[in-house]
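Breakdown of the fold
Here is how the chains run, residue by residue.
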Amino acid sequence: MSNVQVMEERVAHLHSLLDDAALKVGQQRLRIKKLEALLVACAEYLEPYSDVVDGSYGEPVPNAAMSLLSQIDEEIT
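Below is a summary of the structure that appears in this document. (Residues numbered from 1 in each chain as written. Predicted model: local features only at pLDDT ≥ 70, side-chain atom pairs only at ≥ 80, totals over all residues. Heavy atoms only, no water.)

Once that is clear, we can look at the overall build of the protein. Of regular secondary structure, the protein possesses two helices and two strands. The order of α-helices and β-strands along the protein, N terminus first, is α-β-β-α. For the protein, whose C-alpha radius of gyration is 25 Å, the value lies well above the compact-globule estimate of 11 Å for 77 residues. The principal-axis extent of the C-alpha atoms belonging to the protein is close to 80 × 25 × 15 Å. Counting every position in the protein, which comprises 77 residues, the buried fraction comes to 10%. Considering only contacts in the protein between residues 6 or more positions apart, those separated by 24 or more positions represent 25%. Each charge class in the protein was averaged separately, 6 positive and 13 negative side chains, and the resulting centres sit 15 Å apart. (Helix = DSSP H or I, 4+ residues; strand = E, 2+ residues; numbered from the N terminus. Rg over C-alpha atoms; globule rule 2.2 N^0.38 Å. Buried < 20%, exposed > 50% of the residue type's maximum accessible area, 1.4 Å probe, protein only. Contact = heavy atoms within 4.5 Å. Lys, Arg positive; Asp, Glu negative; His and termini not counted. Charge placed at Lys NZ, Arg CZ, Asp CG, Glu CD.)

This brings us to the nonpolar core. If you look at the biggest cluster of nonpolar residues, it comprises five residues: Ala43, Leu46, Ala65, Leu69 and Ile72. Of all the elements in the fold, those that place two or more residues in this core are α1 (3-46) and α2 (64-76). Considering each element in turn, this core owes the most residues, three residues, to α2. Sequence-distant contacts of leucine 69, defined by excluding residues within four places in its chain, comprise Ala43, Leu46, Glu47 and Ser50. (Core = buried A, V, L, I, M, F, W, Y, C linked by side-chain atoms within 4.5 Å.)

Right under this line is the structure:
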């Protein structure tokens, strides 16, 4: 096998690897878009339940829904 043939095989292999990587990146981008849409839906669902409760010293603190909603809002905005 000549050096040119070896080089052509390596280049073809690298192209194949790049194609595979590009496909995986595309799939992950689609997955991220779906997850972001689900987070928006979760935020809309949690909004009515978001409130404060009395903390250990009587000061208001976010309830679980408000805490989760805040974290979701940080990620989607």
